[in-house]
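# Geometric and topological summary
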Amino acid sequence: MNWKIFIIISVVLFIIACVLSVLYLVMRMRAVIRYNRDGLRFTEWKMWDEAIVCFSKALDIDEDHALSHYNLGFVLYHGKNLVDEALLQLKKAITEEPTMAPAWYAAGHLLFHQKKNNKDAQEYLNRAIAINPKLCAAYNTLGQIEIGLENWVKATEYFEAAITCNPDYDAAHCNLSVACMYLGRNADAITHAEKYVDLQPHFALAHRNLGNIYGACGKREIAVVALERARALNRKDWIVYFWLGCLYLQLAKYEKAIPAFQEVLCYRGNFALAYYNMALCYEAMNQKEHAKTYIEKAIELNPSLGKDLI
C-alpha cells in the first residue's frame, strides 16, 4: 500500500507543480502585456521616459520578447533620438521575431534618415514589404531614398505604390507631388498637392507645399493664397515668407514683397537672397538708394550675387 500512496502523492505533487508553472508563466506574460500596454499609453501621450521604464520592465521579465524590444526601439528613436540604442533594440526584435514587418521598416527608416545608409536601408525596407506588401510607409521611404539619388521615375513608382496601398496616405501624396513636378507632370503634381491639403487642412506644411507647386506651375495668384494660409498656420516659417516675397515680386506687388523679405530676415537672420530680392523691389520702385544699400548687403553675404552686375 505504501508504494501506491507514494505514487498518488507524487502524481498530485506533479500536477500541482505543473499548475504552478502554468500560473507563473501566465502571470509573467500578463505582466509583460501590462507593461507594454502602459508603455504604449505613455508613448501616445509623448511621455517618453515613462514609456521607456515600462518597456524596460517588460524586458526584465522576458528579455526575448520581440514586441517589447520593438516598442522600446520606437520610443528611443522617435521620442529620445537615441539612434544607436534604438537600432540595437529594433534588431533584437527582428532576431526574436523575423517576420515582424514594422521592426524591419523602423530599422530601414532609421538607417536612411539618421545613418544616411541607403544600401542597408533599402535592404530592410524591401524585407518589410516582402513580409507585408501593404506596408505603405515602407514604399514611401524607398521613394524618398530614390529622390535623394535623383531617380525621379523610380521615386514616383514607390509613392504611387504607397498610395495604392492607402489612398489617404498624406506623406506619399506630398512626396509624389514634388516628384511629379520634377518630371514635368504639372497636372499630377497639383492633384497630389491638393490631396495633401485635403487630408491635412490644418497643417502648414501642406499649404506651403501646395503654394510651391502652384508657383512652380506658373499659377502665382492661387499660389499666394495657399502660402498665405500656410503663414496663418505657422507665422515663424521663414521659407513661407521667402516664397511669398518672390511671388509678390513676380506679380509686381512690391509693397507686399518687401515686408515678406523683411520677415525672412527676422526669422532666418542674414540671408543674401532676401536682401537681393529687396534690392530688386526698390529698383523697380525707382528707389535707387535703398536698392544700392540692399544689393551691397547681399553681395557682402554672397559675393557671387554680384558677379554679373556692372
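Now for a quick tour of the structure. (Residues numbered from 1 in each chain as written. Predicted model: local features only at pLDDT ≥ 70, side-chain atom pairs only at ≥ 80, totals over all residues. Heavy atoms only, no water.)

### Some words on the packing of aromatic side chains
The condition that has to hold: Two rings from Phe, Tyr or Trp (for Trp, the six-membered ring) form a pair when their centres sit within 6.5 Å of each other. Planes less than 30 degrees apart are called stacked, planes more than 60 degrees apart edge-to-face, and all others tilted. Only DSSP runs of H or I with at least four residues qualify as helices, and only runs of E with at least two residues qualify as strands; both kinds are numbered from the N terminus onward. Partly exposed residues are those whose accessible area sits between 20% and 50% of the maximum for their type, while under 20% is buried and over 50% is exposed, using a 1.4 Å probe and protein chains only. Lysine NZ or arginine CZ positioned within 6 Å of the ring centre and within 35 degrees of the ring normal marks a charge as sitting over the ring.
Tallied over the full model, the rule gives twelve aromatic pairs. Taken together, a centroid distance of 4.1 Å and an interplanar angle of 5° make the contact between Trp152 and Tyr182 stacked. Of the two residues, Trp152 sits in helix H8 (residues 152–165) while Tyr182 sits in helix H9 (residues 170–182), which places them 30 residues apart along the sequence. Among the residues examined, Trp152 registers a relative accessible area of 17% and is labelled buried. Assessed through its relative accessible area of 57%, Tyr182 is described here as exposed. Between Tyr241 and Tyr267, the ring centres sit 5.8 Å apart and the planes meet at 15°, which makes this aromatic pair stacked. With a gap of 26 residues between them, Tyr241 in helix H13 (residues 238–250) and Tyr267 in helix H14 (residues 254–268) connect regions that are remote in the sequence. The buried category is assigned to Tyr241, whose relative accessible area is 4%. Taken together, Trp238, Phe242, Trp243, Phe261 and Phe271 form an aromatic cluster joined through their ring pairs. Its guanidinium or amino end placed over the ring of Trp104, Arg127 lies 5.6 Å from that ring's centre, counting from NZ or CZ. Of note, Arg268 hangs over the ring of Trp238, and the distance from its end group to the ring centre comes to 5.1 Å.

### So, the nonpolar core
As a rule of thumb, nonpolar side chains are buried together in soluble globular proteins. Quick note on the threshold: What makes a nonpolar core is a set of buried Ala, Val, Leu, Ile, Met, Phe, Trp, Tyr and Cys residues whose side-chain atoms join them at distances within 4.5 Å. Between two residues, a contact is recorded if the distance between any of their heavy atoms is within 4.5 Å.
In this structure, Tyr70, Tyr105, Ile213, Leu244, Phe261, Met278 and Cys281 are the most contacted members of the largest nonpolar core, which totals 95 residues. Counting residues per element, this core draws most heavily on helix H5 (residues 101–113), which supplies nine residues. Other than its neighbours up to four places away in sequence, Tyr105 contacts Leu125, Ala128, Leu135, Ala137, Ala138 and Thr141.

### A short note on the pattern of salt bridges
How we decide: By convention in these notes, a salt bridge is any Lys or Arg side-chain nitrogen within 4 Å of a carboxyl oxygen on Asp or Glu.
Across all of its chains, the model carries twelve salt bridges by this definition. Ionic pairing is found between Lys115 and Asp84, a salt bridge with its closest N-O pair at 2.4 Å. In this pair, Lys115 sits in the loop between H5 and helix H6 (118–131) while Asp84 sits in helix H4 (residues 83–96), placing the two residues 31 residues apart along the sequence. A relative accessible area of 38% means that Lys115 is categorised as partly exposed. Close ionic contact of Lys195 with Asp168 constitutes a salt bridge, the shortest N to O distance being 3.6 Å. Remark: Asp168 occurs in the loop between H8 and H9 and Lys195 occurs in helix H10 (residues 186–199); sequence separation between them is 27 residues. Accessibility expressed as a relative area gives 28% for Lys195, which makes it partly exposed.

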